[in-house]
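Close look at the chain arrangement
The lines below spell out each chain.
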Amino acid sequence: MTDDLPNPDQLFAALAATWPAAAQTHAPPFLLRDGAGGGKRVSAASVIGPVGPDDIANAEIAMARLGHPPLFSLRGNLGPVDALLADRGYRMVDPTVIRACPVGALSRFDLPRLAAFTLWEPLEIMREIWAEGGIGPERMAVMARVTGPKTALLGRSQARAAGAGFVALHGDIAMVHALEIRANARRQGAARHMMIAAAKWAQSHGARHMAIAVTQANGAANGLYTSLNMPVCATYHYRIKDGADE
């Protein structure tokens, strides 16, 4: 990571603000989240202080009261907590990277006419595209909870709607979420055009950086963001109890 890119603390703050939980509770050494069905990112407990075995047991009880399985989100440098959770039967899932770049690195590209648009509220066709990718009403509710500047992304390919996405601003970081491309429109440039459209919108709202979180297993997406010169600036993963539903 270079000096002109956001640091991990800034990126995690932007991630939380632009994809917010329905509710959160400070219960040191954890921050507990109620995601209201919006997925792991808004439901996982994160570490805010030194952790011991009894703290994990207490967090499990608290998460059970919220009605979801015990789930923890860990930054890449939390090895001791990883070990404690592994000893309690938690497995690692969804290792994820956060990539970032200066907004100008993307906004400088020309956007072909009618290739991508920014708009809010999302159109029904965008909701259909998200639904095809497993992004349903609960994740749409996450987008609705964002209080800062935000917009939806519509990508087109061969004169048809090809993709949908969401971008929101926290400080000077614009974070892209829920970027979904229809199966029959992949590898046709729609995602790249949507990222350029997101950057142009972000720049017009005063952003200095673009960022996106993507699982390490998503080779196609990581290849795209590498080609857009968005290096990995932070990492995280989840720990979930063996036998629990994900």
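Below, the structure is looked at part by part. (Residues numbered from 1 in each chain as written. Predicted model: local features only at pLDDT ≥ 70, side-chain atom pairs only at ≥ 80, totals over all residues. Heavy atoms only, no water.)

As for the environment of Gly76
- Within the element layout of this structure, Gly76 appears in the loop between β4 (71–75) and α3 (79–87).
- Measuring from C-alpha to C-alpha, the distance between Gly76 and Ala168 comes to 24 Å, with 92 residues separating the pair along the chain.
- Once residues within four sequence positions are removed from consideration, Gly76 is found in contact with Thr235 and Tyr236. (Helix = DSSP H or I, 4+ residues; strand = E, 2+ residues; numbered from the N terminus. Contact = heavy atoms within 4.5 Å.)

Digging into helix α5 (residues 124–132)
- Burial in α5 covers these residues: Met126, Ile129 and Trp130. Down the axis of α5, the buried side of the element spans an arc of 100 degrees, and every buried residue falls inside it. Exposed and oriented more than 90 degrees from the buried face of α5 are Glu124 and Glu132.
- Those residues of α5 that are buried are in contact with β6 (116–119), α6 (137–145), β7 (150–157), β8 (160–170) and β9 (173–181).
- Once α5 finishes, Gly134 follows within two positions and takes phi at roughly 85 degrees, a positive value. (Buried < 20%, exposed > 50% of the residue type's maximum accessible area, 1.4 Å probe, protein only. Arc of directions from axis to C-beta.)

Topic: the sheet that holds strand β1 (residues 23–27)
- Ordered in space as β1-β2-β3-β4-β11-β5-β10-β9-β8-β7-β6, the eleven strands form an open sheet in which the pairing is mixed. Of all the strands in the sheet, the pair left with one neighbour each is β1 and β6. The sheet shows a mean angle of 25 degrees between the axes of neighbouring strands, taken without regard to direction.
- As defined by bridge partners, strand β5 (residues 90–102) adjoins strand β10 (residues 209–215) across seven bridges and the pair is classed as antiparallel. Across the sheet, residue Val97 finds its bridge partner in β10, namely Val214.
- The strands touched by helix α2 (residues 53–66) within the sheet are β2 (30–34), β3 (45–47), β4, β5 and β11 (232–241), with β2 carrying the most contacts at an inclination of about 15 degrees. (Pairing = 2+ DSSP bridges. Axes fitted to C-alpha atoms, helices over the stretch in contact; angles between N-to-C directions.)

Remarks on the environment of Arg108
- For Arg108, the location among the structural elements is in the loop between α4 (104–107) and β6.
- Classification of Arg108 by relative accessible area gives exposed; the value is 57%.
- Within the structure, the side chain of Arg108 is placed 3.4 Å from the backbone oxygen of Ala105, a separation counted as a polar contact. (Polar contact = N/O pair within 3.5 Å; in protein donor to acceptor, adjacent residues only side chain to side chain.)

Regarding the nonpolar core
- Core analysis: the biggest nonpolar cluster contains 32 residues, and Leu106, Val176, Met195, Met210, Tyr225 and Met230 have the highest contact counts within it.
- Only β5, β8, β9, α7 (190–204), β10 and α8 (219–227) provide two or more residues apiece to this core.
- Top contributing element to this core by residue count: α7, with nine residues.
- Each residue touching Met195, except ones within four places of it in the same chain, is listed here: Leu106, Val176, Leu179, Ile212, Tyr225, Leu228 and Met230.
- Leu5, Ala211, Ala213 and Ile240 belong to the second-largest nonpolar core, a separate cluster that totals 19 residues. (Core = buried A, V, L, I, M, F, W, Y, C linked by side-chain atoms within 4.5 Å.)

Some words on the pattern of salt bridges
- A complete count under the given rule lists ten salt bridges for this structure.
- In this structure, the salt-bridge partner of Glu60 is Lys241, at a minimum N-O distance of 3.6 Å. Placement of Glu60 in helix α2 and of Lys241 in strand β11 is noted, with a sequence separation of 181 residues between them.
- Look at Glu60 and you get buried, because its relative accessible area is 15%.
- Between Arg186 and Glu180 there is a salt bridge, and its shortest N-O distance comes to 3.4 Å.
- Residue Glu180 is classed as buried on the basis of its relative accessible area, which comes to 16%. (Salt bridge = Lys/Arg side-chain N within 4 Å of Asp/Glu carboxyl O.)

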